[in-house]
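So you can see what is in the structure, the chains are spelled out below.
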Amino acid sequence: MERTFLLLAAFIFSSAQCQDTDPSRDPDASLTVCKPDIRDSGVHSAQILELQGLIQEQAQLNQEQAQLNQEQAQQLKALQESTSAAVPRVGFTVALRQPLGPVPIDITVKYPVIISNIGNGYNLTTGIFTARVSGMYYFSYTMRNNLEAGDNVYTKLYAYRDIYDDRMSHNTFSGFLLFPL
Ligand SMILES: *[C@@H]1O[C@H](CO)[C@@H](O)[C@H](O)[C@H]1NC(C)=O
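Figured I'd write up the structure that's included with this text. (Residues numbered from 1 in each chain as written. Predicted model: local features only at pLDDT ≥ 70, side-chain atom pairs only at ≥ 80, totals over all residues. Heavy atoms only, no water.)

1. Quick notes on the overall build of the protein
Helix and strand counts for the protein stand at three helices and four strands. A total of 181 residues make up the protein; the buried ones form 9% of that total. Taking all contacts inside the protein whose residues are at least 6 apart in sequence as the whole, residues at least 24 apart take part in 33%. Taken as a whole, the protein presents about 16800 Å² of accessible surface, with 57% of it coming from carbon and sulfur. (Helix = DSSP H or I, 4+ residues; strand = E, 2+ residues; numbered from the N terminus. Buried < 20%, exposed > 50% of the residue type's maximum accessible area, 1.4 Å probe, protein only. Contact = heavy atoms within 4.5 Å. Areas by Shrake-Rupley, 256 points an atom, 1.4 Å probe, with all protein chains shown as cover.)

2. Regarding the packing of aromatic side chains
Enumeration according to the criterion identifies five aromatic pairs in this entry. Ring geometry for Phe92 and Tyr122: centres 5.5 Å apart, planes at 15°, overall stacked. Separated by 30 residues along the polypeptide, Phe92 in strand E1 (residues 91–95) and Tyr122 in strand E3 (residues 122–123) bring together distant segments of the chain. By relative accessible area, Tyr122 is classed as buried at 5%. (Phe/Tyr/Trp six-rings, centres within 6.5 Å; stacked < 30°, edge-to-face > 60°.)

3. Quick notes on the pattern of salt bridges
This structure, assessed with the given rule, holds two salt bridges. Between Glu81 and Lys77 there is a salt bridge, and its shortest N-O distance comes to 3.9 Å. Of this pair, Glu81 and Lys77 both sit in helix H3 (residues 43–86), four residues apart, which is roughly one turn of that helix. For Glu81, a relative accessible area of 47% puts it in the partly exposed group. Salt-bridge contacts for Lys156 lead to Asp106; the nearest nitrogen and oxygen are separated by 2.8 Å. Taken together, the residues span a long stretch of sequence, with Lys156 in the segment after strand E4 (128–129) and Asp106 in the loop between E1 and strand E2 (113–118) at a distance of 50 residues. Side by side, Lys156 and Asp106 carry an identical accessibility label, which is exposed. (Salt bridge = Lys/Arg side-chain N within 4 Å of Asp/Glu carboxyl O.)

Listed below in structure tokens is the structure:
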């Protein structure tokens, strides 16, 4: 680095010398301007040659770096494309936003307000979410009701339907008292 700086300083000095030549005094001066002075051989022109070599080397390095950057950008783009293609995005949140019931029969709660439905798994007409992608899902629901002491809460299995579970406890049922009323 220090060496490059010294050489650069030498180059600037030599350019200044070139430009200092007064064309009015020397009619051939315009031809000699910015040409290395070959009479001043030895250290000076050797330094210029070395500097030219360094500049050329740097230009080649820049070109290689630019090519590397381009390759990396292409690789990143390919990776992003393959990742987004490989990871399906499914997620929904729907809301009721109006009172429902009581009704004398079991009904599927149809949430009419779609907050998000990425992957279109939730069917607004039926109120049923269909998993089009196999995988591990997490479902949750919130319900506000005036749950009095003595009220019962339970989950129900419809006739002819089944739930799979094993020692891994895939199915859980939780309840948390947030605060007493
Ligand atoms: C939603 O369900 C209804 C009734 O089964 C069906 O006609 C409709 O095509 C479904 N919509 C979508 C987007 O799957």
